Amino acid sequence: MHLSPVPAAGAAAPAGDQLSAWVVPALVAGVVLWGLWRRVPVYEAFVRGARSGVATGLRLIPYLVAMLSAVELLSSTQALEQLTRLLEPAAALAGIPAPVLPLMLLRPLSGAASMGYLAALLRRYGPDSLVGFTASVVQGSTETTLYVVTVYLGSVGIRDARWSVAAGLLADAGGFLAACAASRLWWGRT
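Source: prediction; values computed, not measured. (Residues numbered from 1 in each chain as written. Predicted model: local features only at pLDDT ≥ 70, side-chain atom pairs only at ≥ 80, totals over all residues. Heavy atoms only, no water.)

> Go over the nonpolar core with me, naming the residues and quoting the values.
Ranked by internal contacts, the top residues of the largest apolar core, which has 14 residues, are Ile96, Val100, Leu101, Leu103, Met104, Ala135 and Val138. Apart from the residues lying within four places of it in its own chain, the contact partners of methionine 104 are Ile96, Val138, Phe176 and Cys180. (Core = buried A, V, L, I, M, F, W, Y, C linked by side-chain atoms within 4.5 Å. Buried < 20%, exposed > 50% of the residue type's maximum accessible area, 1.4 Å probe, protein only. Contact = heavy atoms within 4.5 Å.)

Have a look at this one:
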């Protein structure tokens, strides 16, 4: 589905729009032609790849259901709010705005949940506030570690991910603290 604006009657679409409309079809045609030139059975290779992709997707479903259940459990109970209240004193000492704490707790679990919470923070505090600015930097500078470990390691059958999880969460904690410090430095200069 093409969602770019439709030019007015009689007006030509901008050259960038015309070019971008042909990038993906040209890339697909190039890959098919390259495969034919190399005497690769292109259709059969595509079907084998699609079959492998579906099998990987089916293997990942239990991991994704577990991750989504954890996010829903945090959201539907008051666990997120209680954990936030528990961490507020330490966050204040570290210079972390209290409204950003739930984002920091959600971010390693789910990109969609953290993006939804970021949107709520931006609506409530505005993008030009310290909270909005810090939340945006946190969202952009950290990863959905537990989701990534679940999907990537689950797709290849690795079951013992403790060191990957520990390293990823440690990197997230560093990213959270650096994002808050950089936001305070930037905010103090504006």
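> Can you break down the packing of helix α2 (residues 42-76) against helix α7 (residues 145-155) residue by residue, with the values?
Two numbers describe a pair of packed helices, the interaxial angle and the distance between the axes. The contact between α2 and α7 brings their axes to 9 Å, and the two run at 150°. Here α7 runs roughly antiparallel to α2, going by the angle between their axes. Helix-helix and strand crossings are classified by hand; for α2 and α7 the assignment is right-handed. Judged by residue contacts, Thr56, Arg59, Leu60, Tyr63, Leu64 and Met67 of α2 engage Leu146, Tyr147, Thr150, Val151, Gly154 and Ser155 from α7. Each residue belonging to the contact of α2 with α7 can be placed in one class, and the counts come to 7 nonpolar, 4 polar and 1 charged. (Axes fitted to C-alpha atoms, helices over the stretch in contact; angles between N-to-C directions. Helix = DSSP H or I, 4+ residues; strand = E, 2+ residues; numbered from the N terminus. Parallel < 35°, antiparallel > 145°, perpendicular 65-115°, else oblique. Left-handed = near helix turned anticlockwise from the far one by under 90°. Nonpolar A, V, L, I, M, F, W, Y, C, P; charged D, E, K, R; others polar.)

> Kindly report on the pattern of salt bridges, identifying the contributing residues and their values.
Two side chains carrying opposite charge are able to pair once their charged atoms lie near each other. Going through the model one piece at a time under the given rule, you end up with 1 salt bridge. Arginine 162 is the salt-bridge partner of aspartate 160, the closest N and O atoms lying 3.9 Å from each other. As far as the burial class goes, aspartate 160 and arginine 162 line up, both exposed. (Salt bridge = Lys/Arg side-chain N within 4 Å of Asp/Glu carboxyl O.)

That's the geometry; what it means functionally is another story.
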